[in-house]
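Each chain, letter by letter, is given below.
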Amino acid sequence: MNQEQESLYVSRTDLAVEIQEELREHTPLDGILVRTKVDRQKGIKETVITVENEKGEKALLKPKGTYITIEGEDLSSSDESYHKTMCHALFCHLKKLLKGYEHILVAGLGNQEVTPDALGPYVVSNLAITRHLKKENLLEQGVTLSAISPGVMAQTGMETGEIIKALVKEIHPDVIVAVDALAARSSERLNKTIQISDTGISPGSGVGNHRKEITKKTMGVKVIAVGVPTVIAVPTIVNDALEMLLQALGESRLQKSYEEFTEQEKFQLAREILAPDLADMYVTPKNIDEGVKKISYTISEAFNKLVGLDQIQA
């Protein structure tokens, strides 16, 4: 596979856990530590992937650091008690990652006018902002929380990273938490998975629309990323459909040949089957409006727990 094909393949998912799962089938995971915890009673699966060195970076194609995935089958449902459970799980991880930071700047990335990309702005709209209250001595407890929804380049003419960097110079936060919508490899993870990482973020990378990275290197302060997959590549859906069709046909020479393909080769084949205008298309679930709003509230309440202004009793 050439560099262009590899880039196309990798760009279909932002989730470290999905890349790790596919790598595990074909090669030893040197430099990558994986820990998984399943709480069947609460219906939550947590996976912590630690990229320890350069070998791990090359294998996972992710920077050295920690990638935490919280998966819940009912995350996009209307079950309020389940959202409290997921909120608390997210809060516990954020509390560890943000320990010692007094001023947190939450950046809600994305376009609020496009629902699959509106997660970040929706989260910001539900936050209990405290920076102004702290400045006026109206609030003493909890951390200082400020937030911005910088929009996208088509709306502002500016890179998201440029806006956030300018804001950092003005208000001097201790840490940035970037919240963004992601792309997934598996449709089963759409609107049901939260990924947290301590390595920053490259907005739009999952859909091949790479923008200026938002990391400690570019911003000058620590950057935590929180994201939820809301879209999936059309070639991935075609690939899954092909596998299901061949399984339904039973044992055959064609099925055996297809099973010998690597995941990268299967993805490339699916792209070649599709019309050119479909090969780079991404789709989203039909209930995306309701799903994004509910999940954004769950995420924002985890932040509100940090400042002691949440509505959820853990």
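Keep in mind that what you see is a predicted model, and the values were worked out from it rather than measured.

Undergrad: Before we go on, may I ask you to explain the overall build of the protein chain in this structure?
TA: When you go through the protein chain residue by residue, the secondary structure sums to 14 helices and nine strands. Within the span of the protein chain, comprising 314 residues, buried residues form 50% of the whole. When the accessible surface of the protein chain is split by element, carbon and sulfur atoms take 49% of a total near 15,700 Å².

Undergrad: How do you make sense of the nonpolar core when you look at a structure like this?
TA: Most often, soluble globular proteins keep nonpolar side chains buried together rather than apart. By size, the foremost hydrophobic cluster in this structure holds 39 residues, and its most contacted members are L94, I104, L119, I194, I196, I299 and F303. Once residues within four sequence positions are removed from consideration, I299 is found in contact with L90, L119, V123, I194, V226 and V228. Residues A16, I32, V51 and L190 belong to the second largest nonpolar core, which totals 15 residues.

Undergrad: What is the right way to look at helix α10 (residues 234-249) in this model?
TA: A turn of α-helix holds 3.6 residues, and therefore any two residues three or four places apart point the same way. The end-to-end C-alpha distance of α10, which contains 16 residues, comes to 23 Å, matching closely the 22 Å that a straight helix rising 1.5 Å per residue would cover. Considered for burial, the residues of α10 that qualify are V234, P235, T236, V238, N239 and L246. Here the buried face of α10 lies against β8 (222-233), α11 (253-259), α12 (263-273), α13 (276-279) and β9 (282-283). Positive phi appears at G250, one or two residues downstream of α10, with a value of about 85 degrees.

Undergrad: Before we go on, may I ask you to explain the packing of aromatic side chains in this structure?
TA: Aromatic ring pairs are defined here through the distance separating the ring centres and the angle between the ring planes. Using the criterion set out here, one finds zero aromatic pairs in the structure. The ring of F91 carries K305 above its face, with NZ or CZ at 4.9 Å from the centroid.

Undergrad: I would appreciate a short explanation of the pattern of salt bridges in the present structure.
TA: Close approach of charged atoms allows side chains with opposite charge to pair. Applying the stated rule across the entire model yields six salt bridges. Here K37 makes a salt bridge to E46, at a shortest N to O gap of 3.9 Å. Overall, the relative accessible area of 15% leaves E46 in the buried class. Of the charged contacts in the structure, one is a salt bridge between E102 and K134, with a shortest N-O distance of 3.5 Å. In this pair, E102 sits in the loop between α4 (80-97) and β4 (103-108) while K134 sits in helix α6 (residues 131-135), placing the two residues 32 residues apart along the sequence. When salt bridges that share partners are traced, they join E18, E21, E71 and R189 into one network.

Undergrad: When you look at the packing of α10 against α12 in this model, what are you seeing that I'm missing?
TA: How two helices pack is summed up by the angle between their axes together with the distance between the axes. In the contact formed by α10 and α12, the axes pass within 8 Å of each other and the chain directions differ by 105 degrees. Between α10 and α12, the crossing angle belongs to the class labelled roughly perpendicular. Contacts between α10 and α12 involve P235, T236, V238, N239, L242 and E243 on the former and, on the latter, E263, K266, F267, A270, R271 and I273. Class assignment of the residues belonging to the contact of α10 with α12 gives a composition of six nonpolar, two polar and four charged.

Undergrad: What exactly am I supposed to notice about the pairing of strand β7 (residues 193-197) here?
TA: The side chains of a regular strand alternate, first on one face of the sheet and then on the other. Across the five residues that make up β7, a large majority, five, are buried. The side-chain alternation of β7 yields two buried faces, one formed by T193, Q195 and S197 and the other by I194 and I196. Inspection of the sheet shows strand β3 (residues 65-72) paired to β7 by five bridges, in the antiparallel sense. Each residue of the ladder has a partner; that of I70, found in β7, is I194. As judged from the three bridges shared by β7 and β8, these two strands associate in the antiparallel manner. Note on β8: the bridge partner recorded for S197 is A225.

Undergrad: Hey, could you run me through unusual backbone geometry in this one?
TA: With glycine set apart, most residues show a phi of negative sign, and most peptide bonds adopt trans. In this structure, L61 takes a positive phi of about 55 degrees despite not being glycine. Within the element layout of this structure, L61 appears in the loop between α3 (54-60) and β3. Residue N137 is not a glycine yet carries a positive backbone phi of 60 degrees. Along the chain, N137 falls in the loop between α6 and β5 (144-148).

Undergrad: I would appreciate a short explanation of the pairing of β4 in the present structure.
TA: With six of its six residues buried, β4 lies for the most part within the structure. Going residue by residue along β4, you find H103, L105 and A107 tucked away on one face and I104, V106 and G108 tucked away on the opposite face as well. The sheet contact formed by β4 and β5 spans five bridges and is parallel. Looking across to β5, one finds that I104 is bridged to L145. Bridging between β4 and strand β6 (residues 175-184) involves five bridges; their strand directions are parallel. Counted as the bridge partner of V106 is V177 from β6.

Undergrad: Hey, could you run me through helix α14 (residues 288-306) in this one?
TA: Under the 1.5 Å per step criterion, the end-to-end length of α14 is 27 Å for 19 residues, consistent within 8% with the ideal 27 Å. Here α14 lies mainly inside the structure; 14 of its 19 residues are buried. Immediately downstream of α14, the backbone of G308 shows phi near 75 degrees, a positive value.

Undergrad: Hey, could you run me through the state of the cysteines in this one?
TA: Disulfide: a covalent bond formed between the sulfur atoms of two cysteine residues. Applying the stated criterion across every chain, the model contains zero disulfides. Unpaired in this structure, C92 has its nearest cysteine sulfur neighbour in C87, at a distance of 9.3 Å.

Scoring rules and cut-offs
Residue positions are given per chain, counting from 1 as you read along its sequence in written order. Only residues with pLDDT of 70 or above have their local features reported here, since the model is predicted, and side-chain atom pairs are shown and tallied only from 80 upward, although totals for entire chains, interfaces and linings are computed over all residues. Excluding hydrogens and water, the side-chain values take into account all heavy atoms of the structure. Strands here are runs of E lasting at least two residues and helices are runs of H or I lasting at least four, both read from the DSSP assignment and numbered beginning at the N terminus. The buried label goes to any residue with under 20% of its type's maximum accessible area, the exposed label to any with over 50%, and the partly exposed label to all in between, with areas taken from a 1.4 Å probe on protein chains only. A 1.4 Å probe and the Shrake-Rupley method give the accessible areas. Residues count as covered only by the protein chains that appear here. The set of buried Ala, Val, Leu, Ile, Met, Phe, Trp, Tyr and Cys residues whose side-chain atoms join them within 4.5 Å is what this entry labels a nonpolar core. Every residue pair with non-hydrogen atoms within 4.5 Å of one another is taken to be in contact. The span one expects for a helix is its residue count, reduced by one, times 1.5 Å. Stacked, edge-to-face and tilted are the three classes for Phe, Tyr and Trp ring pairs, Trp counted by its six-membered ring, which pair at centre distances within 6.5 Å; planes under 30 degrees apart are stacked, over 60 edge-to-face, the rest tilted. Cation placement over rings: the criterion is NZ of Lys or CZ of Arg within 6 Å of the ring centroid and within 35° of the ring normal. The salt bridge criterion pairs a side-chain nitrogen of Lys or Arg with a carboxyl oxygen of Asp or Glu, the two atoms within 4 Å. Axis definition: a line fitted to C-alpha atoms, limited for helices to the stretch in contact. Angles are taken between N-to-C directions and run from 0 to 180 degrees. We call two directions roughly parallel when the angle between them is under 35 degrees, roughly antiparallel when it is over 145, roughly perpendicular when it lies between 65 and 115, and oblique otherwise. When residue character is reported, Ala, Val, Leu, Ile, Met, Phe, Trp, Tyr, Cys and Pro are called nonpolar, Asp, Glu, Lys and Arg charged, and the others, Gly included, polar. Between any two strands, pairing holds if DSSP finds at least two bridges. A pair of sulfur atoms, both from cysteines and within 2.5 Å, is called a disulfide here.

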